[in-house]
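Fold and geometry: a report
Each chain, written out:
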Amino acid sequence: MNRPRITFDTNCFINLFDRESRSATSVSEIEKLVCYAFDGKAEISVTTRLETDLEQDKNEERRSAFIAMLKMFPVIPSIGRWDVSRWDEDFFAHQTSGRLNEEIRQILSPGLTPDSSRYSNKINDIEHLAGHVLDKRDIFVTDDKGILRKRDQLEGLGIIVMRPSDCVAYIDEIVFRSKPRTFPSDDIPPNYHSPALHGSVTFDYTNNNHVFAIGEGEHLFETKWTKASNNSIHVYSDSGSIQALALAKGVFSIPDIRDAEVYDFSSRVRTPQIGEIVVWRNVNGLYAATRGLAITDDTRGDTTNNLTIDYVILGEGGRDFSA
């Protein structure tokens, strides 16, 4: 599973730790994001501007407690600013970062000057986002209504802004998709199922709705075949356990496949010739390879409609069939 790289805005950090505040929002959602980080399902960081924001708190005891809690999160740099940045803490400004800062400012606070109301907070917001972009992070999480109102414009700069609840839903979906799906095989006719991870099989490809299953559980591949000729056959990615398939052009031995992902999985149907290899990817992201050995076709002088194949399923995952 790809772990989203999240940047917390200051309000998320404060809402997480200031349990007595009546104005705290999205507390349960922020807690869930932190739990996802502890479980390795997300990565959460804050920028150096979070401490700058915290230092404006006039409650010395609370300010000290918050700054101590910063140690819980990795801190990423932003663009250096005189009288704010510490030595060896932030980026030195350069043409690209300066242009980025200005583009964010034009979206969030186009008329901002040092005399503007809440200037320090607004410039910190800009530099939070700049640090997020410069560190190539995925999602900026905030409850700041001003930033959320401009999220469509910020997306034009490649900045994805989400509320905590939206980010939780986004990661929930990633977690759901990453869970292995186990398919029951009790209802698959035994004559059209080979549960082993490798083998050679012969079956009538016109029966059982043209499906022959290999593997089982999360390793199930319901391969589908229809007539083409007695030298070739059509294969399909239509079955529920199949995500995609590809023709391994120029490869005629399954162990010669070193990286299953290099092939073109863009088509629903392919037509391999005898001896050619089809690479299958199931909905769990696992790979199998089949090589056609023989075809009979009762419309071309044969008495049967049989297909004989060799197959291998990578039981431990991975993409290399040479091992």
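Structure shown above.
Residues numbered from 1 in each chain as written. Predicted model: local features only at pLDDT ≥ 70, side-chain atom pairs only at ≥ 80, totals over all residues. Heavy atoms only, no water.

1. Here we look at the pairing of strand E14 (residues 287-295)
When a strand is regular, its side chains alternate between the sheet's two faces. Spelled out, the test is: Pairing between two strands requires that DSSP report at least two bridges joining them. Going along the chain from the N terminus, every DSSP run of H or I of four or more residues is numbered as a helix, and every run of E of two or more is numbered as a strand.
In terms of strand pairing, strand E13 (residues 277-282) meets E14 through five bridges, oriented antiparallel. Among the inter-strand pairings, Arg281 is bridged to a residue of E14, identified as Tyr287. Counting the residues between successive antiparallel strands, the hairpin from E13 to E14 contains four residues, one of them, Gly285, with a positive phi of roughly 80 degrees. Pairing geometry for E14 and strand E15 (residues 306-313), over seven bridges, is antiparallel. Residue Ala289 lies in a different strand from E15, and its bridge partner there is Val312.

2. Focus on unusual backbone geometry
Across residues other than glycine, the phi torsion is negative in most instances, and most of the peptide bonds are trans. Put simply, the test is: Summary of the burial criterion: residues with accessible area below 20% of their type's maximum are buried, those above 50% are exposed, and those between are partly exposed, where the area comes from a 1.4 Å probe applied to protein chains only.
One non-glycine residue with positive phi stands out, namely Arg118, at about 55 degrees. Along the chain, Arg118 falls in the loop between helix H5 (95-108) and helix H6 (119-134). Among the residues examined, Arg118 registers a relative accessible area of 53% and is labelled exposed. Of note in this structure, His210 is not a glycine but carries a positive phi near 70 degrees. The exposure class of His210 is partly exposed, given its relative accessible area of 26%.

3. Notes on the packing of aromatic side chains
Note the following rule: For Phe, Tyr and Trp, where Trp contributes only its six-membered ring, two rings pair if their centres lie within 6.5 Å, and the inter-plane angle classes them as stacked under 30 degrees, edge-to-face over 60, or tilted in between. Cation placement over rings: the criterion is NZ of Lys or CZ of Arg within 6 Å of the ring centroid and within 35° of the ring normal.
Throughout the structure, instances matching the rule amount to eight aromatic pairs. Judged by centre distance (6.1 Å) and plane angle (55 degrees), the rings of Phe203 and Trp225 are tilted. A residue pair is termed long-range when its members are at least 10 positions apart, and Phe203 in strand E7 (residues 198-204) and Trp225 in strand E9 (residues 221-227) qualify at 22 residues. We note that Phe203, like Trp225, is buried. One cation-aromatic arrangement involves Arg281 over Phe265; the distance from NZ or CZ to the ring centre is 4.5 Å.

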